[in-house]
Amino acid sequence: MNLEQQDPHSLLPKEWEALCTGLGLPAYRGRQIFQWLHQKDAASFLEMTDLPEELRRRLESSIPIFQMQLAQKQRSTKDETTKYLFRLRDGQCIESVLMRYEYGYSLCISSQVGCRMGCRFCASTLGGLVRNLSAGEMVQQVYAASKEAGGRISHV
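The structure presented is a predicted model; accordingly, all values stated were derived computationally and were not measured.

Colleague: Go over the overall build of the protein with me, naming the residues and quoting the values.
Modeller: Summing up its helical and strand segments, the protein has four helices and seven strands in all. Helices and strands in the protein line up, N terminus first, as α-α-α-β-β-β-β-β-β-α-β. In terms of overall dimensions, the protein has a C-alpha envelope of 55 × 35 × 25 Å along the principal axes. For the protein, the proportion of its 156 residues judged to be buried stands at 35%. For the protein, the proportion of contacts with a sequence separation of at least 24, taken over those separated by at least 6, is 38%. Looking at the protein as shown, the accessible area adds up to about 9300 Å², and 50% of this sits on carbon and sulfur atoms. Each charge sign in the protein was given a centre, from 19 positive and 17 negative side chains, and these centres are 3 Å apart.

Colleague: Kindly report on the pattern of salt bridges, identifying the contributing residues and their values.
Modeller: As enumerated under the stated definition, the model contains nine salt bridges in all. With a closest N to O distance of 3.1 Å, E148 and K73 form a salt bridge. Here K73 lies in strand β1 (residues 69-75) and E148 lies in helix α4 (residues 135-149), a separation of 75 residues in the sequence. Of the residues examined, K73 reaches a relative accessible area of 42% and is grouped as partly exposed. Across the pair D90 and R131 runs a salt bridge, and its minimum N-O distance is 2.8 Å. Of this pair, D90 sits in the loop between β2 (82-87) and β3 (93-101) while R131 sits in strand β6 (residues 131-132), and the two are 41 residues apart along the sequence. When its relative accessible area of 44% is taken as the criterion, D90 is described as partly exposed. Relative accessible area serves as the criterion here: at 23%, R131 is assigned to the partly exposed category. One salt-bridge network, held together by shared partners, links K14, E17 and R31.

Colleague: Quick rundown of the pairing of strand β4 (residues 104-108)? Include the residues and the values.
Modeller: By the bridge criterion, five bridges tie β3 to β4 in an arrangement that is antiparallel. If you follow Y101 over to β4, its bridge partner there is G104. Between β3 and β4, which pair antiparallel and follow one another directly, the connecting turn spans two residues. With two bridges joining them, β4 and strand β7 (residues 153-155) adopt parallel strand pairing. Counterpart to S106 in the pairing with β7 is H155.

Colleague: So what about the pairing of β3? Which residues, and what values?
Modeller: The side chains of a regular strand alternate, residue by residue, between the two faces of the sheet. Inspection of the sheet shows β2 paired to β3 by six bridges, in the antiparallel sense. Its bridge partner lying in β3, L85 is registered against E95.

Colleague: I'd like to hear about the packing of aromatic side chains, residue by residue, with values.
Modeller: Centre-to-centre distance and the angle between the planes together describe a pair of aromatic rings. In this structure the tally under the stated criterion is three aromatic pairs. Seen from their ring centres, W16 and F45 are 6.2 Å apart, and the 65 degrees between their planes marks the pair as edge-to-face. Of this pair, W16 sits in helix α1 (residues 13-22) while F45 is found in the loop between α2 (28-38) and α3 (53-62), placing the two residues 29 residues apart along the sequence. Here F45 falls in the buried class, since its relative accessible area comes to 0%.

Reading the values: the criteria
Residues numbered from 1 in each chain as written. Predicted model: local features only at pLDDT ≥ 70, side-chain atom pairs only at ≥ 80, totals over all residues. Heavy atoms only, no water. Helix = DSSP H or I, 4+ residues; strand = E, 2+ residues; numbered from the N terminus. Buried < 20%, exposed > 50% of the residue type's maximum accessible area, 1.4 Å probe, protein only. Contact = heavy atoms within 4.5 Å. Areas by Shrake-Rupley, 256 points an atom, 1.4 Å probe, with all protein chains shown as cover. Lys, Arg positive; Asp, Glu negative; His and termini not counted. Charge placed at Lys NZ, Arg CZ, Asp CG, Glu CD. Salt bridge = Lys/Arg side-chain N within 4 Å of Asp/Glu carboxyl O. Pairing = 2+ DSSP bridges. Phe/Tyr/Trp six-rings, centres within 6.5 Å; stacked < 30°, edge-to-face > 60°.

Have a look at this one:
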């Protein structure tokens, strides 16, 4: 597994376990890393204080963690819908839309950069399909919108 090309948020617990055992570490370290990324929203391996310091430094230098950046936020005064424009690691931008309902928050996420459909009314189609998003890029939309909204996203 080429570590430099991995999106840490895309790796499953079993993949983290395999990565750790491949480094001569116990499998539970992989589960710890997964929890730090997906439950504690760690922005750096150095934050993962229950991991040995040497492992944190090794991971920090070999697998970059990138958290998508909020580039723009628009909130509708009509229905309190919020549209987010997120910038990805490669500089591409995607949109997510947060809708508030009586039962909680629903989030419409992007699964691709661009679109090949060609709909005249949609800006996403102007440049055509650029690429599919990684699983990590999709879940990060949920994490970022949840943080911005100050509440749990109940539907995606």
